Amino acid sequence: MLQCTTLRKYGLALTLTAAACTPPVSPPVDVTDVTSVDATATGDVAVRPPPGPYVPHVPRLRRLTRSQYRHSLQDVFGATLVIPRALEPDIVSEGSSSVGSSESSISQRGTEQYETAAYEIAEQLLREPARRATVVPCVPTAVRDDGCTEQVVRAHGRRVYRRALEASEIATLVALGARAATTLNSFDRGIEYVIATMLQSPDFLFREELGREQDGERRYEGFALASRLSFFLWDGPPDDALLDVAGRGELRGDELARQVDRMLADAKLSRGLEAFVEDWLRLGELDELTRDAVIFPAFAADFGPSAREEVQRVVRYIALERDGDFRELLRTRETYVNRRLASLYGVAFPVRDAPPTQFERVTLPESQPRRGLLGMAAFLALQAHPISTSPTLRGKYVRELILCEAIPAPPVGVDTAIPPPSSENRTLRSRLEFHRQASSCRGCHRLLDNIGLGFENFDAIGRFRRADNGVVIDARGDIDGVPYEDPAGIAGILAEHPSFPACVASRLYRHAWGYHDDEMQRAELERLTTSFASGGYRLRALMRTLVLGETFVRAANFAVLPLPPLPDAGAADASDASAARDASAAVDVVTATDVSDASDASDASDVTAEDGR
Amino acid sequence: MRLIPAICAVFALMVSAGCAPMVPPPADAGPIEASVDASPSRCRPLSSRMSFVLARIGFVREDPMRAGVADGYDLDNRVSMEGDVRTCRHGDLVSPDGHMGIDNQLASLIPSVDRMTGGALDGAIQAAINNGQMLVVLRVEGIDDLCEDSEVRVSVVRVSGMPFVGSDQLVDSGQTFDLMRTAPMTHTTGRITGGTLELGPVDLPLPVAVLDAQFVIMFYGARLRVSIAPDGADGQGVIGGGISLAEFMSILSTLTIPNDLRTTVNGALTLFADLDRDAMGKCQRISGALRITTRPAFVLE
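The structure reproduced in this document is the subject of the present report. (Residues numbered from 1 in each chain as written. Chains lettered and ligands numbered in written order. Predicted model: local features only at pLDDT ≥ 70, side-chain atom pairs only at ≥ 80, totals over all residues. Heavy atoms only, no water.)

**A short note on the overall build of chain A**
Keep this limit in mind: Secondary structure elements are taken from DSSP: a helix is a run of H or I of four residues or more, a strand is a run of E of two residues or more, and numbering for both begins at the N terminus. We call two residues in contact when some of their heavy atoms are within 4.5 Å. In short, Shrake-Rupley with a 1.4 Å probe defines the accessible areas, and a residue's cover is counted only from the protein chains shown.
Looking only at helices and strands, chain A features 27 helices and 14 strands. Residue pairs in contact within chain A that sit at least 24 positions apart in sequence constitute 70% of those at least 6 positions apart. Just so you have it, chain A exposes about 24200 Å², and 53% of that area is on carbon and sulfur atoms.

**Some remarks on the overall build of chain B**
Short version of the rule: Here the term buried applies to any residue with accessible area under 20% of the maximum for its type, exposed to any over 50%, and partly exposed to those in between, with areas from a 1.4 Å probe on protein chains only.
Across its full length, chain B holds five helices and ten strands. Residues counted as buried form 58% of the 301 residues belonging to chain B. Pairs at least 24 apart in sequence give 72% of the contacts found in chain B among residues at least 6 apart. On chain B, roughly 12000 Å² of surface is accessible, and the fraction owed to carbon and sulfur atoms is 54%.

**Things to note about helix α2 (residues 106–117) of chain B**
All names here are of chain B. Heads up, the rule is: One fewer than the residue count of a helix, multiplied by 1.5 Å, yields its expected span. The arc in question is formed by the directions pointing from the helix axis toward the C-beta atoms.
For α2, spanning twelve residues, the distance from its first C-alpha to its last is 16 Å, which sits close to the expected 16 Å at 1.5 Å a residue. All of the buried residues in α2 are Leu106, Ala107, Leu109, Ile110, Val113, Asp114 and Thr117. The buried side chains of α2 occupy one side of the element, clustering within an arc of 155° when seen end-on. Backbone geometry just after α2 places Gly118 at a positive phi near 70°.

**Quick word on the sheet that holds strand β13 (residues 554–556) of chain A**
Residues and elements named next belong to chain A. In plain terms, the rule: The rule for pairing is simple: two strands pair if DSSP sees at least two bridges between them. Note on method: axes are straight lines fitted to C-alpha atoms, helices fitted across the in-contact stretch only, with angles between N-to-C directions ranging 0 to 180 degrees.
Judged by pairing direction, the sheet is antiparallel, and its three strands sit side by side in the order β5-β6-β13 without closing on themselves. With partners counted over all chains shown, the strands left at the sheet margins are β5 (212–214) and β13, one partner each. Each neighbouring strand pair of the sheet contributes to a mean axis angle of 45°, computed without reference to strand direction. Pairing analysis gives three bridges linking strand β6 (residues 217–219) to β13, with the strands arranged antiparallel. Looking at the pairing, Arg218 lines up with Ala555 of β13.

**Concerning the side chain of Arg139 of chain B**
By the secondary structure assignment, Arg139 of chain B is in strand β2 (residues 135–141). Residues contacting Arg139 of chain B, with those up to four places away along its chain left out, are Arg49, Met50, Ser51, Arg153, Val154, Ser155, Val157, Leu179, Val299 and Glu301 of chain B.

**Concerning the state of the cysteines**
Residues and elements named next belong to chain B. Quick note on the threshold: Two cysteine sulfurs form what is called a disulfide whenever their separation falls within 2.5 Å.
By the definition in use, this model includes four disulfides over all chains. Cys88 shares a disulfide with Cys283; S-S distance 1.9 Å. Across the disulfide from Cys88 to Cys283, rotation about the S-S bond amounts to roughly 110°, and the bridge is consequently right-handed. One end of the pair, Cys88, is in the loop between β1 (50–59) and α2; the other, Cys283, is in strand β10 (residues 283–300), and 195 residues separate them in sequence. Overall, Cys283 belongs to the buried group, its relative accessible area being 6%. By sequence-ordered numbering of the bonded cysteines, chain B has its disulfides arranged as 1-3, 2-4. Sequence-ordered numbering of the disulfide-bonded cysteines in chain A gives the connectivity 1-2, 3-4.

**A few points about the interface of chain A and chain B**
How big an interface is tends to be stated in terms of the accessible area lost upon association of its parts. Put simply, the rule is: When two components associate, each loses some accessible surface as probed by a 1.4 Å sphere; the sum of these losses over both components is called the buried area. The salt bridge criterion pairs a side-chain nitrogen of Lys or Arg with a carboxyl oxygen of Asp or Glu, the two atoms within 4 Å. Side-chain atoms alone can form a polar contact between residues adjacent in sequence; in general such a contact is a pair of N or O atoms within 3.5 Å, and within protein one must be able to donate a hydrogen while the other accepts it. All amino acids are sorted into three groups, where Ala, Val, Leu, Ile, Met, Phe, Trp, Tyr, Cys and Pro are nonpolar, Asp, Glu, Lys and Arg are charged, and the leftover types, Gly among them, are polar.
In this complex, chain A contributes 27 residues to the contact, which on the side of chain B involves 26 residues. Between chain A and chain B, roughly 2100 Å² of surface is buried when both sides are summed, and carbon and sulfur atoms account for 51% of that area. A per-residue breakdown of the area chain A buries against chain B is headed by Arg339, Arg352 and Arg466 of chain A, which together make up 31% of the total. Notably, a salt bridge pairs Asp172 of chain B with Arg340 of chain A, separated by 3.4 Å at the nearest N-O pair. Where chain A meets chain B, there are ten residue pairs in polar contact (both at pLDDT 80 or more). Of all the secondary structure elements, the ones that give two or more residues to the side of chain A that touches chain B are α17 (339–345) and β10 (471–472) of chain A. Considering each element in turn, the side of chain A that touches chain B owes the most residues, four residues, to α17 of chain A. Classifying every residue of the side of chain A that touches chain B gives 16 nonpolar, four polar and seven charged.

**Focus on the pairing of β1 of chain B**
Residues and elements named next belong to chain B. For β1, a buried count of nine out of ten residues is recorded, marking the element as mostly surrounded by other parts of the structure. As paired strands, β1 and β10 are joined by eight bridges and run antiparallel to one another. Residue Leu54 lies in a different strand from β10, and its bridge partner there is Thr294.

**Side note on the packing of aromatic side chains**
Selection criterion: What counts as a ring pair is set by centres within 6.5 Å for rings of Phe, Tyr and Trp (its six-membered ring), and what kind of pair is set by the plane angle: stacked under 30 degrees, edge-to-face over 60, tilted for all other angles. A ring has a charge above it when a Lys NZ or an Arg CZ is no more than 6 Å from the ring centre and no more than 35 degrees off the ring normal.
This structure, assessed with the given rule, holds 15 aromatic pairs over all chains. Aromatic pair Tyr69 of chain A and Tyr114 of chain A: ring centres 5.6 Å apart, planes at 45°, arrangement tilted. Here Tyr69 of chain A, found in helix α3 (residues 66–77), pairs with Tyr114 of chain A, found in helix α5 (residues 108–127); they are 45 residues apart in sequence, far enough to count as distant. A residue is classified by how much of its surface remains accessible, and Tyr69 of chain A, at 1% relative accessible area, is buried. Ring centres of Tyr119 of chain A and Tyr193 of chain A lie 5.3 Å apart, and the angle between their planes is 75°; on these two criteria the pair is classed as edge-to-face. Of the two residues, Tyr119 of chain A is situated in helix α5 and Tyr193 of chain A in helix α9 (residues 187–200); the sequence distance between them amounts to 74 residues. Taking the relative accessible area as the measure of exposure, Tyr119 of chain A reaches 2% and is therefore buried. An aromatic cluster is defined as three or more aromatic residues linked by ring pairs; in this entry it consists of Phe276, Trp280, Phe326 and Phe500 of chain A. Its end group placed over the ring of Tyr515 of chain A, Arg60 of chain A keeps NZ or CZ at 4.0 Å from the ring centre. Positioned above the aromatic ring of Phe164 of chain B is the side chain of Arg340 of chain A, whose terminal nitrogen or guanidinium carbon lies 3.9 Å from the ring centre.

**Notes on the environment of Leu539 of chain A**
Relative to the assigned elements, Leu539 of chain A resides in helix α25 (residues 539–548). When residues no more than four places from it in sequence are discounted, the contact partners of Leu539 of chain A are Leu273, Phe276, Ala319, Phe326, Val504 and Phe532 of chain A.

**Thoughts on the packing of helix α19 (residues 391–402) of chain A against helix α21 (residues 442–452) of chain A**
Residue and element names in this part refer to chain A. Condition: Should an angle lie under 35 degrees it is considered roughly parallel, over 145 roughly antiparallel, and from 65 to 115 roughly perpendicular; all remaining angles are considered oblique.
Close contact between α19 and α21 brings their axes to 7 Å; oriented N to C, the two are set at 100°. One finds that α19 runs roughly perpendicular with respect to α21. Facing α19, whose interface residues are Pro391, Thr392, Arg394, Gly395, Lys396, Val398 and Arg399, α21 presents His445, Leu447, Leu448, Asp449, Ile451 and Gly452. Residues belonging to the contact of α19 with α21 are distributed by class as follows: five nonpolar, four polar and four charged.

**Focus on a nonpolar patch on the surface**
For clarity, the threshold we go by: Exposure above 30% relative accessible area and the lack of any salt bridge qualify a residue for a patch; like charges then connect within 9 Å, and the nonpolar side chains Val, Leu, Ile, Met, Phe, Trp and Tyr within 5 Å.
On the surface, Val294, Ile295 and Ile387 of chain A cluster together into a nonpolar patch covering about 320 Å² of accessible area. If you trace the backbone, Ile387 of chain A turns up in the loop between α18 (377–380) and α19.

**Things to note about the packing of α3 of chain A against helix α7 (residues 146–161) of chain A**
All names here are of chain A. Here is the rule we go by: With the far helix as reference, a near helix turned anticlockwise by less than a right angle produces a left-handed crossing, and one turned clockwise produces a right-handed crossing.
Interhelical geometry of α3 versus α7 gives an angle of 155° and a closest axis separation of 10 Å. When the axis of α3 is compared with that of α7, the two are roughly antiparallel. Our pair here, α3 against α7, has a crossing hand that is right-handed. Contact residues: Asp75, Val76 and Phe77 in α3; His156, Arg159 and Val160 in α7.

**Some remarks on unusual backbone geometry**
Residues and elements named next belong to chain B. In this structure, Pro201 follows Gly200 across a cis peptide bond, with omega equal to 0°. In this fold, Pro201 is placed in strand β6 (residues 196–210). Unlike most non-glycine residues, Asp276 shows phi in positive territory, near 60°. Within the secondary structure, Asp276 is located in strand β9 (residues 275–277). Residue class for Asp276 comes out partly exposed when judged on its relative accessible area of 40%.

Below, the structure is given as structure tokens:
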């Protein structure tokens, strides 16, 4: 398993080796047997055998997600920095961009996009005198001023790479800046190249959290642990305070707890929470949301972004502002709406002359069956078809994302089409009855539609309706035998369902690790779930439990595979030098001849006065 | 061609005001579940107060295929034949469902206006609604039952806001608007019969704001009838009433329209006037009716 991408600038080459690409080790799960699905759908975990000992994951290199890339740059260089939008897209694996980030490398196109972005940002940093002064903390005495260049590298290198730079790395970057400045006859252009190089480095683009071998396992400590903490809690890089502690080797024990508590109290926690929610609830799919304009005239381009913002705000309100019971997410009547969503939900928007982007907290009337997450447009509209609702999609979403149950794909060759409306079967409920009766379909459809049909009072954009095709909607049903009358009833059942908090814990764990959790991590998941419950289902406390747990610093050991043949001897030398930094690291930064040899400034074939790029 | 906007403005103003009750809504007007949902819960209001924005307002026109047929109201409580001196010799029309005695002389006049303006009249009105210039809301309070309620309080108010407009080119339902306290308001009582709100006769001042014309026009003896949809479906209805020629011409005199158009309008309205005959035998008002589409809305005080 070898993935390799080459960063063209200066011939920088990145080789990702085995650890980055090792698939998760998990026992096969039989999800084709409807009987077994029924069993999981009961939410009854007590019948399962006790979990075995926790088996840590094999570390992976995780590419920064787009939001992490943005946060990394803005945290280091300032929130007003404009981040280019054309970047390698996040890879979603099994519905999770967090998992995808640990399974993906960088495409050729992505490499070019990162390169372009790096130079745009570097140029931006040096354009305005005020901002330049924060980037260049010295006054150069000449076009080539290695001392000043080194100050720039030292000032920002640690934040960019999220670790201390070694002397050889600093020397390489200073030499690069010197050559670029000399060739282009501009100190600032030299600095621009230095910054752009750092921003294209795998040390920046990938989270190098591989741990240190110890007693046959690996343990995260120091900078690697700081990075794990900050990307999980803040969706961004460690700040100076955390790096200082990590650099002193004090990120353990009470100091670790102090740092975690500091991070949990920081405003940046909302970014980490947002990333988790985005990942868990697949909110990114709202970007692609479309609806038939004839059938749904109220649908507009800002619908998806509004729906996404609503979910994030409600989660933030419950989990951070109130630090309340996270199960309220499913049954609360409080939500955040802008004028668009207020119109959709049929509630008054409380502020005069508000712009369309303004959100306000409102309480939905008790007389409405709209409750919590599953009453929001993000769920109701996303889990529907462009021209109609989909009880099956809605039920599947609840089973998979709220209760964390495995639902198999339809059997191969089965006809999944729903009969068209007829005089006998006017409602979707009656039309779906076909699937609920067919032997090949009923196992899953009973599980899915029993929930999904309960949301039929909401159309395919989430607007309340009383009738479907002229017939009054019957929204009654049951979830695993517990009856409900309407969507509000569903919310109440799910909020009390034992699988929901377990599911939240599981998804949070998955988000933290970028791994599919499986049976070998069940002990840890049960520990987290128990802690979640005993802590009053407070998400912030669950995050604390997760990061301070022993498993957060443990990783499986792995073998370092031989590096592939290198293009030339010089590169090989550089590879060795880099590997010496951390002999057990699975990443090598390989610099090409013209850059690796800091003393050789004569070969500047990649830098020309006409075209610095 | 510059006359077209002016003509539209002139008649749009008449439109906006309209408000007399009337004729049952068209067959396809009712909310979809009305014909299928007979459950008591359908009549249970979510709130005792509901507001409805007039999302569409358009003149009722005489049926082009059936002369003498148009929606409207029997405003003078009599069936007049052509030549009846009490209606200045104008005969009443018949509603599409066969009701006699419909007073709606504008229904015969508007098609002529359409020919002059290329049918731009309704578009001008709709544009005024959609850009927030002419937002009128019916506020219904004291609702105990959405199907049958012998007395509800009804206010006709003007609101402001920049509405969202859907792909159907109508203001989206459920939006919140701001009450314009300085605009004239009408407070009256009405009733709900068979899921339809009815009110009138009442003198109803309606705010008009089309193109650069802004004024208030009084609909005398106005009546209104509109279906109420409890779950957000569109309501359909008609408002109608009598418009004073003198007041209308007074308003016209304040507008920047060509004199020859003003003269033409005056002549046409005088010719078609059919209500409130004075001692000289001249009718002082002209009857008219407007078809409306309402959508649920909220009003911030």
